[in-house]
Amino acid sequence: MNYSKIILLGISSCLMFPALAQKRPLNHNDYDGWQHISNLQISPTGNFISYNTDPQEGDSKLVIKDKAKSGEKVIARAYNAQLSSKEDFLIASIKAPFLDSRKAKIKKVKAEDMPKDSLLVYALQMDKSYSFANVTSWQLAQQGNAYVAFLSDINAKVDSAKDSKDAPQGKSNSKQLSVLHLLHLATGDTLQFPNVDSYAWSPNEQFLVYAKKNNDKDSLAQDAGVYLYDVNLKSSKKISHGKAVYKSFTFDDQSAQLSFLADKTSEKALQKTSNLYHYTANQDTARLMVSKSTAGIPNKWQPSGDGKIFYSATGSTLYFGIAPIPKVRDTSLVDFEHAQVDVWH
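So, here's what we can say about the structure. (Residues numbered from 1 in each chain as written. Predicted model: local features only at pLDDT ≥ 70, side-chain atom pairs only at ≥ 80, totals over all residues. Heavy atoms only, no water.)

**Details of the sheet that holds strand β2 (residues 48-55)**
Here is step 1 of the chain: Strand order across the open sheet formed by 4 strands is β1-β2-β3-β4, with antiparallel pairing between neighbours. Looking at the sheet topology across the chains shown, the edges are occupied by β1 (35-42) and β4 (73-76). The average angle at which neighbouring strand axes cross in this sheet is 20 degrees, direction not considered.
Here is step 2 of the chain: Here 6 bridges tie β1 to β2, and the two strands are oriented antiparallel to one another. Residue pairing for β2: His36 is matched across the bridge by Asp54. (Pairing = 2+ DSSP bridges. Helix = DSSP H or I, 4+ residues; strand = E, 2+ residues; numbered from the N terminus. Axes fitted to C-alpha atoms, helices over the stretch in contact; angles between N-to-C directions.)

**A word on empty space enclosed by the protein**
Here is step 1 of the chain: Counted according to the given criterion, the structure contains 1 cavity of 30 Å³ or more.
Here is step 2 of the chain: Computed from the structure, the largest cavity encloses a volume of approximately 30 Å³.
Here is step 3 of the chain: Top contributing element to the lining of the largest cavity by residue count: β2, with 3 residues.
Here is step 4 of the chain: Residues belonging to the lining of the largest cavity are distributed by class as follows: 5 nonpolar, 2 polar and no charged. (1 Å grid on protein atoms, 1.4 Å probe; cavity = no way out; pocket = protein on both sides within 12 Å on 5 of 7 lines; lining within 4 Å. Points joined across faces, edges and corners; volume = space filled by probe spheres on them. Nonpolar A, V, L, I, M, F, W, Y, C, P; charged D, E, K, R; others polar.)

**Section: the pattern of salt bridges**
Here is step 1 of the chain: Tallying each qualifying case throughout the model produces 3 salt bridges.
Here is step 2 of the chain: For Glu72, the salt bridge goes to Lys65, with nearest N and O atoms at 2.6 Å.
Here is step 3 of the chain: Here Glu72 falls in the partly exposed class, since its relative accessible area comes to 45%.
Here is step 4 of the chain: Looking at Lys65, the relative accessible area reads 31%, which means it is partly exposed.
Here is step 5 of the chain: With a shortest N-O distance of 3.7 Å, Lys247 and Asp306 are connected by a salt bridge. Here Asp306 lies in the loop between β21 (301-303) and β22 (310-311) and Lys247 lies in strand β17 (residues 245-251), a separation of 59 residues in the sequence.
Here is step 6 of the chain: Overall, Lys247 belongs to the partly exposed group, its relative accessible area being 33%.
Here is step 7 of the chain: Residue Asp306 is classed as exposed on the basis of its relative accessible area, which comes to 74%. (Salt bridge = Lys/Arg side-chain N within 4 Å of Asp/Glu carboxyl O. Buried < 20%, exposed > 50% of the residue type's maximum accessible area, 1.4 Å probe, protein only.)

Keep in mind these numbers describe shape, not what the thing actually does.
Here it is as structure tokens:
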């Protein structure tokens, strides 16, 4: 019997057990330091890789790797990154600092006054970037990507003497104005369209459709409606008139047709209606295609205001949803007489 091997094995076992015993279990402090990777993207050419590193709590980072260069580009708080089709620009949202948002939540700041995102435009080859503040949304077209369209909230000064008198003491005479920006990525030139609340690109980037509201202080304003901006002609055409809630702007794949939903009832109307509109280049304005009175729509039904609209690949068929017309709200009861239910999980 080889006693030396037995003794050596015994000594090794004795040394291992204390080492195993010294391992401490994981705790919440360990978990807080963990990070995970999200939004991993590889460019079509394979030249660029981007991803986010997200902590359990705090600000995330966007990491960009260029195949032709060593190292990596790190952008703090950037997310939702998207490369242009030529891979010369990267567009991303910049989230407000975590601590700022946390403080605002603790103070119960209103949603419209919460810290807002910024828009980042990063030129990959030149390694230069610039940003725009208070951006609520942005879009690139499916093709082309010479432009980026984005909505931002800006402070507009109140000009009238009446508005100045009505302003609370200690507060500036300004209001939030929603502005649509059309930014040319290569030159930095920007067009602005005020009082816009929704918009969409055509797939080929030739058309930008947007819905405009009237100025709240101008009772005679006739600006409200849907406009179609032609990028090539650099001009806008009004294709639907009147104050309404316009949404679900949808082009066909050929960018030849446009459909959208509109609710043109007054803000105080007890029952809302949703109608489907259709537009092509040979029309002066968009025409009403489907309403609750259209043949084939069941009684007490209408186009769904929350449904998705989409065209077939050839553009010959348009798909949309329908829904029952909502019941008229009972206004005979005051708010505190309505039953309220709290559900706890």
